[in-house]
Amino acid sequence: MSETQAILHFTVNGENCSVQVSPMKRLLDVLREDLRLTGTKEGCGEGECGSCSVRMNGELVNSCLVPVLQAEGADIQTVEGLATSGVLHPLQQAFLKCGGAQCGICTPGMLMAATQLLSINPHPTMAEIREGLAGNLCRCTGFVRIFESVVAAAAHDQSSDQAAHAR
Amino acid sequence: MLCLNPYEFQGFPTMSTNAKSRIVGAPVPRKEGVDKLLGRARYVDDIDREGMWPGATVRSTIPRGFIRSIGFDQRIDWSEFTIVTAADIPGKNHVQLIFSDQPCLADGIVSHCDEAIVLLAHPDKHKLREAVAAVRIEYEPLPPVFTIEESERQDVIVWGSDNVIKSFLLEKGDVDSAWADAVHIVEGEYRTGAQEHLYIENNGVIAEWSEANGITVWGSLQCPYYVHRSLLAVFNLPEDKVRVIQTETGGAFGGKEDYPSTLAAHAALLALKSRHPIKMVYDRMEDLAATTKRHPSRIRHRTAVDKDGKLVAMDIEIATDAGAYSTLSSTVLSRATLHSSGPYVCPNVRVRARAWATNTVPYGAFRGFGAPQAIFAIERHMDEIASVIGIDPIELRHRNFLHDGDTTATEQVMRDPVILDQLLDRALRESDYYAKRARFAADNPTSAVKRGMGIAAFYHGSGFTGSGERYLNSLAGVDVTPEGKLRVLVANTEFGQGTNTILTQIAAESVGIDYDNVIMAPADTGIVPNSGPTVASRTSMVVGRIIERACLQLVGMLREHAGLGEQFTSEEFFAASERYRAAHGQVVSLCHYEAPPDIFWDDQKYRGEAYPAFAWSIQVAQVAVDTVTYSAEVEDFWAVQEVGRVLNPVLAGGQIEGGVAQGIGYALYEKVVWQNGHMANNQMTNYIMPTAEDVPPIHVFFEEIPFRYGAFGAKGIGELPHDGPAPAILNAIKDATGVGFHSIPLLPEDLFVQLAAREAVEEPAAL
């Protein structure tokens, strides 16, 4: 069986990528199989669990539901793009300190959802955090420490803002 | 970066602990945390092997029957495929566990839907999927049995000679003579449904075969040596020709205790025949349809109470649905039996327990392991007793709690402090229980949303039941690597609950070196000794204690043979280790399990020390029932527990919160829908677990009483929190609505049936 192949271009974590794949291949599989970025996980394959969450053009998407064709020209961010120059992102630091990750399988998607939330709402209320993470299932933590991690990261952002103003 | 105190944020509960020492008791970060946060932790599906093929499974579509033929559709070129059936099994066709009744691949007969019959492998996963659908199996159906009641009737025998997989009889005192003098006799029947583990990473393994090394398996699993032992039998190989390596594991909760033995055998059979590495990673639908779940149960209580509200006799009948094969059902039933009379004193107790075979997927281990079912029944029943005899449910519990020196149903004497009254008082205080109950009672009559408060009081036995730890005789220890790290040697696995962190904390503190200087050996049967399975809340308490002893033994060795001083730095410790290595070749210290001296258990009479230690808990649920939509919501939750010494407050808090959330799901959301023996809702779309918007604030409080024989005073913690939410929530619903519900899961449609019926009686239509 021969499948139509397409050459598609997009950026992942700021780097230009081009892949020759079936245009209907799931973005999740392109990331994991063609680009070997295995940080993004599959939990259900039907957009329920959010383990495969990535950011695409500033939106949070379930990469298991995105045919790669739709990613043509897009800017994509995965968990591998969070830390910079060997320094953990404030959200990653907060998850580490507060116990936001247990088994770790939902963590990459959860971090992307939290990144998305804080990018549009840097100081969310508890209700906004719950809503912002409602599409990402975690079976280990009961979510409590994930909420605490997001609060801690937001507080860090605030203290960075204040430090910047002080200068 | 400094992580600011998240507890200052409004709405966050604070967590109290009285940890004192340097590493043990401190909130040190998760050992493998950075890898998980960077997305570089390697789970089984992230691993690629040269020449690897995917494997797939052809499963039964009927619940019970003879296999008459296996046909292969001519449109497929089967020469490209590796095909495995039961005939290809070189050794024994069974999954080795407690008994060996479960075949690795069905041979001539199937006993449940989704039972594995044929295995296929092909380099192209799309062609593989088409091929699975092109295998045609013809059956001669046999009558199936689907429920406990059908199995009990024994009209159709589907297992052994009587459908009974296991039975227990526990007797204390003389129950039969107690009824005549009882002031009150209260009866009740309680039911619990199946529950899915719903680990976010499905079951998966990779298997490889070579003449030189035999079978190597990498997988998402809890118990490498269980898989090892099972593969030895299936392949008829010597011990050194099977190697099992745990990969990073994305949740387990008991669901990766026994199933990986089956899946590893499947992948290894395909690897042996194809001579390619084989990856088998289930998708969600296959995982939900084919793997184990929590045992459904029906538990009946008949209780005699005297005029002072003291329990005089408890007659308890437990029936569990075990599914098609025995798996771990006998030990699950044992734990249900030993938790069925609750944390109460009663002179006369009889428990008759049976696990019944049915034609569904076998039920298996799941956090709590029979205790959540038993505790649901007794803790709902206590509230029903309180209602019948007209006293407060809190007061009824206070009057009957176990105290130091009392004996349990197995006549185990409580030698260690039991502080149930103190835990209950604290839970009532922290939750503002009485004030809230009064306020809700005043508000409810005029509100469409009825609120209530409910509690559950319970223990969870830590470690293996009875003589279990003696039989296991676990071996564990530490060595010093040439790179200068102290390395923990255990087969106990990390799957989110904190094994890596806790055991390295224990080793660092025991030796007296920095946490960063301690690492975990990979959970690889080629490297680590058999320190027993990672189950039964045993790892911190039992294995941790062996590690503590092995570390002290190592320090003694280095003092005696390598000039290590009384006081030393990390550098001096490793320098002494190198001197020891130069003289003796390797630096390793291993110890066997040592049973506490006062543990005696009679397996025949079911009497004696059922567990070396008990963890104790009181949970309080605040629930709102909307009488327009009939939905019940947990608005707030308190968990107060005594689990011995808390070794890491962040991880311990996370265990409690996660267990409570699963327990909330068990009570109000999670329902397995069966259709002719097949799980009909085997998707995350319609098997519903609590989300970030459903879980209430969970307030966690620890009281710490160090346990003499646990590592640094630890007792078990992992399973305890799942035991209480269901009865606490249903007790709160009774407080809110006046209706006592007797079965879970309790979905809006179930609430509707009883609440609407009552309203119809109370409010007859106006003429």
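Thresholds applied
Residues numbered from 1 in each chain as written. Chains lettered and ligands numbered in written order. Predicted model: local features only at pLDDT ≥ 70, side-chain atom pairs only at ≥ 80, totals over all residues. Helix = DSSP H or I, 4+ residues; strand = E, 2+ residues; numbered from the N terminus. Rg over C-alpha atoms; globule rule 2.2 N^0.38 Å. Buried ≥ 20, exposed ≤ 12 C-beta atoms within 10 Å, placed from the backbone. Contact = placed C-beta atoms within 7 Å. Pairing = 2+ DSSP bridges. Axes fitted to C-alpha atoms, helices over the stretch in contact; angles between N-to-C directions. Nonpolar A, V, L, I, M, F, W, Y, C, P; charged D, E, K, R; others polar. Core = buried A, V, L, I, M, F, W, Y, C linked by C-beta atoms within 7 Å. Right-handed = clockwise from strand over helix to strand, strands pointing away. Domains from an automatic or database assignment. Parallel < 35°, antiparallel > 145°, perpendicular 65-115°, else oblique. Left-handed = near helix turned anticlockwise from the far one by under 90°.

## A closer look at the overall build of chain A
From N to C terminus, chain A includes 5 helices and 5 strands. Reading chain A from its N end, one meets helices and strands in the order β-β-α-β-β-β-α-α-α-α. Relative to the compact-globule value of 15 Å for 167 residues, chain A shows a C-alpha radius of gyration of 17 Å, a close match. Principal-axis analysis of the C-alpha atoms gives chain A an extent of 60 × 40 × 25 Å. A total of 167 residues make up chain A; the buried ones form 57% of that total. Across chain A, contacts joining residues at least 24 apart in sequence account for 59% of those joining residues at least 6 apart.

## Topic: the sheet that holds strand S5 (residues 116-121) of chain B
Working definition: the strands of a sheet are paired by backbone hydrogen bonds and lie parallel or antiparallel to each other. Residues and elements named next belong to chain B. Across the sheet, which stays open at both edges, the 7 strands sit in the order S3-S5-S1-S12-S9-S10-S11 with mixed pairing between neighbours. Bordering the open sheet on either side are strand S3 (82-84) and strand S11 (242-246), each of which pairs with just one other strand. Each neighbouring strand pair of the sheet contributes to a mean axis angle of 25°, computed without reference to strand direction. Of the strand pairs in this sheet, strand S1 (residues 53-59) and strand S12 (residues 278-281) are connected by 2 bridges, and their pairing is parallel. By the bridge assignment, Trp53 is partnered in S12 with Ile278. Most of the contacts of helix H2 (residues 125-133) go to S1, to which it runs at about 15°, and overall it touches S1 and S5. In this fold helix H4 (residues 224-235) packs onto strand S10 (214-219) and S11, with an angle of close to 150° to the strand it touches most, S11.

## Brief notes about unusual backbone geometry
In this model, Ile744 of chain B is joined to Pro745 of chain B through a cis peptide bond whose omega is 0°. One can find Pro745 of chain B in the loop between strand S28 (743-744) and helix H18 (748-762). The backbone of Ser85 of chain A sits at a positive phi, close to 45°, despite the residue not being glycine. With respect to the helices, strands and loops of the structure, Ser85 of chain A is situated in the loop between strand S5 (75-77) and helix H2 (90-98). Residue Ser85 of chain A is classed as exposed on the basis of its C-beta count, with 4 C-beta atoms lying within 10 Å.

## Overview of the sheet that holds S28 of chain B
All names here are of chain B. Judged by pairing direction, the sheet is mixed, and its 6 strands sit side by side in the order S7-S15-S14-S13-S8-S28 without closing on themselves. Taken across any chain shown, the strands that pair with only one partner, and hence form the sheet edges, are strand S7 (164-172) and S28. Two elements, strand S8 (residues 184-192) and S28, share 2 bridges in a ladder whose sense is parallel. Bridge pairing links Thr192 to Ile744 in S28.

## Considering the interface of chain A and chain B
Taken together, the contacts link 49 residues of chain A with 49 residues of chain B. Residue assignment for the side of chain A that touches chain B shows that the elements contributing at least two residues are H2, helix H3 (107-120), helix H4 (126-132) and helix H5 (144-166) of chain A. For the side of chain A that touches chain B, the per-class residue count stands at 25 nonpolar, 15 polar and 9 charged.

## A closer look at the nonpolar core
Counting 285 residues, the largest nonpolar core has Ala267, Ala268, Ala507, Ile547 and Ile729 of chain B as its most contacted members. Ignoring sequence-local partners within four residues, the contact set of Ala268 of chain B consists of Ala207, Trp209, Ile215, Val217, Leu231 and Phe235 of chain B.

## Description of the pairing of strand S14 (residues 311-323) of chain B
Residue and element names in this part refer to chain B. Buried residues dominate S14, accounting for 12 of its 13 residues. The pairing of strand S13 (residues 297-305) with S14 spans 9 bridges and is antiparallel. The partner of Val305 across the bridge, within S14, is Leu311. From the end of S13 to the start of S14, which pair antiparallel, there are 5 residues, and Gly309 there has a positive phi angle of about 80°. Examined bridge by bridge, S14 and strand S15 (residues 348-357) share 10 bridges and lie parallel to one another. Directly across from Glu317, in S15, lies its bridge partner Arg352. Between S14 and its parallel partner S15, the chain crosses via helix H7 (residues 329-339), and the hand of that crossover is right-handed.

## Points about H2 of chain A
Three- or four-residue spacings in an α-helix give side chains the same orientation, since the helix completes a turn every 3.6 residues. Residues and elements named next belong to chain A. When you tally the buried positions in H2, you get 9 out of 9 residues, the bulk of the element. Pro90, Leu91, Gln92, Gln93, Ala94, Phe95, Leu96, Lys97 and Cys98 are the residues of H2 that are buried. Just beyond H2, the residue with positive phi is Gly99, at close to 80°.

## As for the domain arrangement of chain B
All names here are of chain B. Taken domain by domain, chain B consists of domain 1 (1-30 + 412-466 + 601-767), domain 2 (50-142 + 197-290) and domain 3 (474-592). Between domain 1 and domain 3, the C-alpha centre-to-centre distance is 36 Å. The interface of domain 1 with domain 3 comprises 25 residues on the first partner and 19 residues on the second. Per-class residue counts for the side of domain 1 that touches domain 3 are 12 nonpolar, 9 polar and 4 charged.

## Let's talk about the environment of Ala652 of chain B
Residue and element names in this part refer to chain B. Relative to the elements of secondary structure, Ala652 occurs in helix H16 (residues 649-668). A tally of 28 C-beta atoms within 10 Å means that Ala652 is categorised as buried. For the pair formed by Ala652 and Thr481, sequence separation is 171 residues and the distance between their alpha carbons is 30 Å. Apart from the residues lying within four places of it in its own chain, the contact partners of Ala652 are Val646, Phe702 and Ile717.

## Some details on the pairing of S8 of chain B
Both S8 of chain B and S13 of chain B contribute to a ladder of 9 bridges, which runs antiparallel. Bridging from a neighbouring strand, Tyr190 of chain B pairs with Ile299 of chain B of S13 of chain B.

## Focus: the packing of helix H14 (residues 539-562) of chain B against helix H15 (residues 570-584) of chain B
Residues and elements named next belong to chain B. With their axes 10 Å apart at the nearest point, H14 and H15 run at an angle of 70° to one another. As far as their axial angle goes, H15 and H14 are roughly perpendicular. The way H14 lies across H15 gives a crossing that is left-handed. Across from Met557, Leu558, His561 and Ala562 in H14, the residues of H15 making contact are Ala576, Ser577, Arg579, Tyr580 and Ala583. Across the contact of H14 with H15, the residue classes tally to 6 nonpolar, 2 polar and 1 charged.

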